[in-house]
Structures are given as C-alpha cells and as structure tokens.
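Chain and residue survey
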Amino acid sequence: MTKTFAQLGFPGRLIAVEGLDGSGKSTQVYLLKRWLELQGLKVFFSEWNSSALVRSATSKGKKQELLTPTTFSLIHATDFADRYERQLVPLLRAGYIVLCDRYIFTAFARDTVRGCPQEWVRKLYSFAAHPDMTFFFRADLEVSLNRILVGRPELKHFEAGMDLQLSNDREESFRIFQGRILDQYLAMSSEFNFHTVDANQPIEAQQSHVREVVSARIDLSAFVGPLPLESL
Amino acid sequence: MKKPAAPNPRPRVSAVRIAVPTRAQHRFYGHGLPHIDLSQLSGRLIVVEGADGSGRSSQIAALVGWLEGRGHATIQVGLKRSTLVSEELDKAQNGNILSHTTMSLFYATDFADQLENVIIPALRAGFMVLADRYIYTLMARDLVRGADEKWLKNLYSIALVPDAVFYLKVSPEILVQRNFAKSRTLDYWESGMDLGLSRDMFDSFLKYQSLIIEKFNRLRRTYDFEIVDGSRSPSEITSDLRRKIEAVITR
C-alpha cells in the first residue's frame, strides 16, 4: 500500500486536485493557493505536464500525432517523475504545502481509458507517494463539456481522444472520452479517499468548502514561512 | 526465311536458395502493448548487447551484410534513436540534469516509440531486425543506479521477447584498452561518472563496468540471453553468431 507524504514522515503536505477538463478545478486550486500565500505560508503550486525539457518532446509528439497509448503514458510519467524528483520531493522535505493541479490519478484515468493495462500504469507510478489530500471536482458531464466547448476554436487531437477512434467528429469524440474518464474517476474515488466537491455550485461556495476542509485537516500554523530577508 | 535462333543454353548459375523463415510465434514479456496483434510477425528480432568496446557495433554491421547477402531484408535499431524523444534525451544527458527515475522513464519512452513504430512494423513486414542493445542495457544501467528491480520489470513488460539475444561479454580491463585504442578517451556515462564511484575516470570505468556485468548476470536469471565470449577475434565471433542466427531463422 502506497503511503502519503505525512505517513512517510515528510514535514510538508501535498494537496492534489483532480477532475475533468472544465470542472473548474484550476480556478479552485488557484484560489486556495492565494489564500495560503496571503497568510504567509510556504506554498508551492505545480501543474501537470510542465517540466520544461520533457514538454518539448510531449508537444512534438502531440503536434505530429506520434503518440500511441503506451508512449503517451510514458512521456507523461517522465514529465511527472521530473517534477516529482526535482521539485515536489525537495519542497516537501523543506516543509512546504505543495498544491498539484492533477496528480497520478489523471494518468490512472486517462491511460486506462486509452487501453493501457491498469496494473502496468499503477506500477509505473509506484515511485510516487500519495497526496495527503485529494479533492475531486465533480461537475455534471454536460456542465464541464460546455465550459470547454464554448468559446474555444477547436479541440486538439489528443485532448479530444481522437486517437481512440471513438468518433470522426472531434466534439463527439471528446464527449465520449470525457465520459469514460469520469467513470474512471468515480471508480477510484473511494479507493484513494477522494474528497469530492460538488463542482456545479458557485465558485465561492466550493472555495469556502475547500478552505474549511484544508484548515480542519492540516495544522496551517506549522507552515509559516521565514521572515522576508529585508526584515531580518 | 530466317531460321529461328537456337535457344541459348541457360547460363550456369550457382544454386540460389534463400532460406525462408518459418512463421515464429512472438510474445511480450508481460502486459505488452495495447492494440497490437502479434500473430502476424514473420520477421526475427535479434539483439546484440554489450558495452562500448565489446565489438557490438562491428558485429552488427557484419551481420547486416551477411543477412542481406542471403536475401533477408534487414533493419537496424538501437537506443536513443526515436523520432519522439531522442533529441531531448541527448540534451538531458549533456546537461546531466534529470534524476534517475526521470531518466529511466525517458529511455523507456524512447524504447517504446521504436518498438511500436519501427520494430513491430518491420517484423510484420518480414524483416530481420537487428537491435544494437535492448531493454537489458537499460535495466542494468538503472539497477546500478539503485532502481527497484520489480518496478523495472513492470516498466519493460511492454517489450517483445526477442528471437535471440547475444551478450558480448568482455572484461572491464580489455574494454578499457579497446576504448583507448579507438578514441583515446573514456565516455562519461560508460564510465559511470555520475555515480561518484571514483574521481579517477579510469578507476571509475573499471568499477562501473564490473557493476554492469554483475547486473547482466543477475538479469540472466529472468531474461534468456546467450553469453558470447567477446574477447575472441572478430571473425571468430562473427562465425559463431552466424551459426546461431541461422538456426533461429530456420527454426
């Protein structure tokens, strides 16, 4: 059984947010970050798919549609490992609250939908400790689809799950793909202790709920940062 | 009326008999790749493993010529040659900026890309695929750097089981001499300098290559490969390999 960072004795805490594209999770994690920062706490925010070196390969693979389910999975695992080893772990050792917009569960859901064996994907990520808290933003499928589809010129190939050949129509493919990912999230929810947030609510209602849960489960006073250098 | 020309006697040509490979049953080591049908792979996957200086590349070159001469379409693959990530892997290596797990996964991505886009399609088309190193080198390097063996086995459970694997085994002492004879210098990575085994590169090379040999011996318990004595003369090794490959083709 993989442990959380707290169980492994790290002084830091990792909070992950998960959910479909358009579930509003990025807005929520940004507001959470601001709240913690403004209290003078040590906070770091990390995004899925953001390691600079790996990103150049990922974007080439995506643009030229070179990726298969296996290489799609491996290149995202590489990106994650890079951030994990060089950023997340050192910061958690230094006692930071690390906020992750998507964590390993995104890979578990997407790669499995693409046809990679579940066991293979999970073992691939077995080097990573589990978050101390995972918020799952659950919006109705139609709500998240509309948020993404409105005001966007065109869905990208992999984003729409076109590689799965679900439909020749990008929008239709995206709908089916997102539906399957949602099913995967729901299936993982209790196994990984997701804290489900009703993402159909107003932004403020969701945020106050998130802040309540975080302050109830984490002793925030332990994460006060050092005084700024100029005040020493 | 013109007399029809007498038919020319057929020119005498030495008998041209090309061995047609029998259909082979291929399989993956474990989970394998999704959506790939292995029943149609009529080619052969032949792997040559060994350190730099083991004679690996020259043996492969000799084998390619020999196979083509015998009428087999042949293709070469090797590590760090994928369209997808080879460029980025080079950059990462030159800067020595990626951590171990990241590097493992990056190499695995490179491998998977070539497996799906080069190796399997070539085997399907009936080619002889000669692989200049395969998953074993990648695993041995990672094991030396402290990777978890179970994790690696799962990672590479996507790999196709080759029809033959030859490991050119050469002692570190001979390797070091051959590397100097060839380029007068030792490669940073082949000397395992990232491991801090010794600040003396010569010393580090010897230690690192012994560790790699140790890991190859360990991997042999799980993965079937043939150890070939690489300290013999190149022609001796070539004829040894030819004989073994012949058996694989007509098996």
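Residues numbered from 1 in each chain as written. Chains lettered and ligands numbered in written order. Predicted model: local features only at pLDDT ≥ 70, side-chain atom pairs only at ≥ 80, totals over all residues.

**Observations concerning the overall build of chain B**
Note the cut-off: To qualify as a helix, a DSSP run of H or I must reach at least 4 residues; to qualify as a strand, a run of E must reach at least 2; elements of each kind are numbered from the N terminus. Three classes are used. A residue is buried when 20 or more other C-beta atoms lie within 10 Å of its own, exposed when 12 or fewer do, and partly exposed in between, with C-beta atoms placed from the backbone. Residue pairs qualify as contacts under a 7 Å threshold applied to their C-beta atoms, which are placed from the backbone.
In terms of regular secondary structure, chain B is built from eight helices and five strands. Helices (α) and strands (β) of chain B occur, in sequence order from the N terminus, as β-α-β-α-α-β-α-α-β-α-α-β-α. Counting across all 251 residues of chain B, residues that qualify as buried make up 38%. In chain B, the proportion of contacts linking residues at least 24 apart, taken out of those at least 6 apart, comes to 80%.

**Observations concerning the overall build of chain A**
The condition that has to hold: We compute the radius of gyration from the C-alpha atoms alone; for a globule the expected value is 2.2 Å times N to the 0.38, where N is the number of residues.
Each helix and strand in chain A was counted, giving eight helices and five strands. Reading the helices (α) and strands (β) of chain A from amino to carboxyl end gives β-α-β-α-α-β-α-α-β-α-α-β-α. Relative to its length of 232 residues, chain A is compact, with a C-alpha radius of gyration of 18 Å against a globular reference of 17 Å. Taken along the three principal axes of its C-alpha coordinates, chain A extends 60 × 35 × 35 Å. Of all 232 residues assigned to chain A, the portion counted as buried reaches 43%. For chain A, contacts bridging at least 24 residues in sequence account for 77% of all contacts bridging at least 6.

**Focus: the packing of helix 1 (residues 25-38) of chain A against helix 8 (residues 203-217) of chain A**
Residues and elements named next belong to chain A. The criterion, for reference: Angles here are taken between N-to-C directions and fall from 0 to 180 degrees, while the axes themselves are lines fitted to C-alpha atoms, restricted in helices to the stretch in contact. Throughout this description, any angle smaller than 35 degrees is read as roughly parallel, any larger than 145 degrees as roughly antiparallel, any in the 65 to 115 degree range as roughly perpendicular, and the remainder as oblique. The sense of a crossing depends on the near helix, which, turned anticlockwise from the far helix by less than a right angle, makes the crossing left-handed and, turned clockwise, makes it right-handed. In this classification, Asp, Glu, Lys and Arg are treated as charged, Ala, Val, Leu, Ile, Met, Phe, Trp, Tyr, Cys and Pro as nonpolar, and every other residue, Gly included, as polar.
For the pair helix 1 and helix 8, interaxial distance at closest approach is 10 Å and the crossing angle is 55°. Classified by the interaxial angle, the pair formed by helix 1 and helix 8 is oblique. For the pair helix 1 and helix 8, the sense of crossing is right-handed. Contacts between helix 1 and helix 8 pair Thr27, Gln28, Leu31, Leu32 and Trp35 from the former with Ile203, Gln206, Gln207, Val210, Arg211 and Val214 from the latter. For the contact of helix 1 with helix 8, the per-class residue count stands at six nonpolar, four polar and one charged.

**Brief notes about the interface of chain B and chain A**
Between chain B and chain A, the contact holds 26 residues from the first and 26 residues from the second. Counting residues per element, the ones that place at least two in the side of chain B that touches chain A are helix 2 (86-95), helix 3 (100-124) and helix 5 (149-155) of chain B. For the side of chain B that touches chain A, a count of residues per class yields 13 nonpolar, nine polar and four charged.

**Some words on the sheet that holds strand 5 (residues 226-229) of chain B**
Residue and element names in this part refer to chain B. Rules: Paired strands, in this sense, are two strands between which DSSP finds at least two bridges.
Strands sit in the order 2-3-1-4-5 across an open sheet of five strands; the sheet is parallel. Lying at the two open borders of the sheet, with one neighbouring strand each, are strand 2 (74-78) and strand 5. Here the strands of the sheet are splayed against their neighbours by 25° on average, with no regard to which way each runs. On top of the sheet, helix 1 (residues 56-69) reaches strand 1 (44-49), strand 2, strand 3 (128-132) and strand 4 (164-169); it is set at about 170° to strand 3, its chief contact.

**Quick notes on the nonpolar core**
Residue and element names in this part refer to chain B. Definition in use: For the purposes of this analysis, a nonpolar core is taken to be any set of buried Ala, Val, Leu, Ile, Met, Phe, Trp, Tyr and Cys residues that are connected through C-beta atoms within 7 Å.
Judged by nonpolar contacts, the single largest core of 122 residues is most densely connected at Ile119 and Val129. Considering each element in turn, this core owes the most residues, twelve residues, to helix 3. Ignoring any residue separated from it by four or fewer positions in sequence, one finds Ile119 in contact with Leu45, Val77, Gln114, Val129 and Leu160.

**As for helix 7 (residues 170-188) of chain A**
Residues and elements named next belong to chain A. Cut-off, in case you're wondering: In a helix, the anticipated span is given by 1.5 Å times the number of residues less one.
A rise of 1.5 Å per residue sets the reference length of helix 7, with its 19 residues, at 27 Å; its end C-alpha atoms lie 27 Å apart and thus fit the reference within 8%. Taken as a whole, helix 7 has its buried residues at Ser173, Phe174, Phe177, Gln178, Ile181, Leu182 and Tyr185. The inward-facing, buried residues of helix 7 contact strand 1 (13-19), helix 4 (104-113), strand 4 (133-138) and helix 6 (141-149).

**Concerning the sheet that holds strand 1 of chain A**
Residue and element names in this part refer to chain A. As summarised here, the arrangement of the five strands in space is 2-3-1-4-5, forming an open sheet in which the pairing is parallel. Of all strands in the sheet, those bounded by a partner on one side alone are strand 2 (43-47) and strand 5 (194-198). Ignoring which end each strand starts from, the neighbouring axes of this sheet average 20° apart. Note that strand 4 and strand 5 share five bridges and pair parallel. The residue of strand 5 that forms the bridge with Phe137 is Val197. Taken strand by strand, helix 1 contacts strand 1, strand 2, strand 3 (97-101) and strand 4, and its axis lies near 165° from that of strand 3.

**Brief notes about the confidence of the model for chain B**
Quick note on the threshold: The pLDDT value tells you how sure the predictor is about a given residue, anywhere from 0 up to 100.
Confidence in the prediction for chain B averages 90 pLDDT; 94% of positions are at 70 or higher. The ipTM assigned to the predicted complex is 0.84, against a pTM of 0.87.

**Points about unusual backbone geometry**
For residues other than glycine, phi is negative in most cases, and the peptide bonds are mostly trans. One non-glycine residue with positive phi stands out, namely Gln165(A), at about 50°. Here Gln165(A) shows up in the loop between helix 6 and helix 7. The residue His35(B) is not glycine, and still its phi comes out positive at about 60°. Looking at the secondary structure, you find His35(B) in the segment before strand 1.

**Thoughts on the pairing of strand 1 of chain B**
Residues in a regular strand point their side chains to alternate faces of the sheet. Residues and elements named next belong to chain B. Of all six residues making up strand 1, six are buried, and the element is well covered by its neighbours. As defined by bridge partners, strand 1 adjoins strand 3 across five bridges and the pair is classed as parallel. Residue pairing across strands places Arg44 opposite Met128, the latter belonging to strand 3.

**A few points about helix 2 (residues 52-63) of chain A**
An α-helical turn contains 3.6 residues, so any two residues separated by three or four positions project in the same direction. Applicable threshold: To be clear, the arc concerns the directions from the helix axis to the C-beta atoms.
In this model, helix 2 of chain A (twelve residues) spans 16 Å end to end at C-alpha, consistent with the 16 Å of a helix rising 1.5 Å per residue. What helix 2 of chain A keeps buried is the set Leu53(A), Val54(A), Ala57(A), Thr58(A) and Gly61(A). Down the axis of helix 2 of chain A, the buried side of the element spans an arc of 130°, and every buried residue falls inside it. What points out from helix 2 of chain A, more than 90 degrees from its buried face, is the exposed set Ala52(A), Ser59(A) and Lys63(A). Packed against the buried residues of helix 2 of chain A are helix 3 (69-93) of chain A together with helix 2 of chain B. Positive phi shows up at Glu65(A), right after helix 2 of chain A, with a value of about 50°.

**Brief notes about the environment of Gly43(B)**
Considering the arrangement of structural elements, one finds Gly43(B) in the segment before strand 1. Among the residues examined, Gly43(B) registers 25 C-beta atoms within 10 Å and is labelled buried.

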